[in-house]
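Reading the structure
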Amino acid sequence: MEYSSFLLGLIIAIYLAIDAPKHHKRPWLWAILGFIFGPIALGIYLIQTDRKVLGWIITILSILIYIIFFIIVILGVLFVSLL
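Residues numbered from 1 in each chain as written. Predicted model: local features only at pLDDT ≥ 70, side-chain atom pairs only at ≥ 80, totals over all residues. Heavy atoms only, no water.

Some points on unusual backbone geometry
Unlike most non-glycine residues, His24 shows phi in positive territory, near 60 degrees. By the element assignment, His24 lies in the loop between α1 (4–19) and α2 (27–37). Despite not being glycine, Asp50 has its phi angle at roughly 65 degrees, a positive value. (Helix = DSSP H or I, 4+ residues; strand = E, 2+ residues; numbered from the N terminus.)

Rendered as structure tokens:
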């Protein structure tokens, strides 16, 4: 469980590095972006390579998940500070 985000980033980076040359994109750039930013970079890449529906779905869902995560963290901090 500890390495799940690392593995997800690595899988996305490998996919982008393999797929990028097929669409005349820089594979190392997209691999680094995919490793650092994960699903958001994958969504943007899919949007740029004319797979817009899947790209928008991935981008919007990942942004919503990040927002929900930050709200939970903020509420947790507020709850702990009230104790």
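Comments concerning the packing of α2 against helix α3 (residues 39–48)
At a closest axis distance of 6 Å, the pairing of α2 and α3 adopts a crossing angle of 140 degrees. In this view, α2 runs oblique relative to α3, as classed from their interaxial angle. Along its contact with α2, which presents Trp30, Leu33, Gly34 and Phe37, the element α3 presents Pro39, Ile40, Ala41, Ile44, Tyr45 and Gln48. Considered class by class, the residues forming the contact of α2 with α3 number 8 nonpolar, 2 polar and no charged. (Axes fitted to C-alpha atoms, helices over the stretch in contact; angles between N-to-C directions. Parallel < 35°, antiparallel > 145°, perpendicular 65-115°, else oblique. Contact = heavy atoms within 4.5 Å. Nonpolar A, V, L, I, M, F, W, Y, C, P; charged D, E, K, R; others polar.)

Some words on the nonpolar core
If you look at the biggest cluster of nonpolar residues, it comprises 7 residues: Ile12, Leu16, Ala20, Trp30, Leu42, Tyr45 and Leu46. Looking at this core, the elements with two or more residues in it are α1 and α3. With 3 residues, α3 is the largest single contributor of residues to this core. (Core = buried A, V, L, I, M, F, W, Y, C linked by side-chain atoms within 4.5 Å. Buried < 20%, exposed > 50% of the residue type's maximum accessible area, 1.4 Å probe, protein only.)

Some remarks on the side chain of Thr59
Position of Thr59 among the secondary structure elements: in helix α4 (residues 52–82). With near-sequence residues (within four places) excluded, Thr59 lies in contact with Ile40, Gly43, Ile44 and Ile47.

Here we look at the layout of surface pockets
The volume enclosed by the largest pocket comes to roughly 210 Å³. In terms of lining, the largest pocket is formed by 13 residues, of which the most central are Ser5, Leu8, Gly38, Pro39 and Tyr66. Listed by contribution, the elements that provide at least two residues to the lining of the largest pocket are α1, α2 and α4. When its residues are assigned to classes, the lining of the largest pocket shows 8 nonpolar, 5 polar and no charged. (1 Å grid on protein atoms, 1.4 Å probe; cavity = no way out; pocket = protein on both sides within 12 Å on 5 of 7 lines; lining within 4 Å. Points joined across faces, edges and corners; volume = space filled by probe spheres on them.)

Things to note about α1
Helix length check: α1, at 16 residues, gives a terminal C-alpha distance of 22 Å against a target of 22 Å (1.5 Å per residue), a fit within 8%. Taken together, the buried positions of α1 are Gly9, Ile12, Ala13, Leu16 and Asp19. Summarising the axial view, the buried residues of α1 lie within an arc of 140 degrees, below the 170-degree limit, and thus occupy one face. Exposed side of α1, more than 90 degrees from the buried face: Ile11 and Ile18 are the residues found there. Elements that come into contact with the buried residues of α1 comprise α2 and α3. (Expected span 1.5 Å × (residues − 1). Arc of directions from axis to C-beta.)

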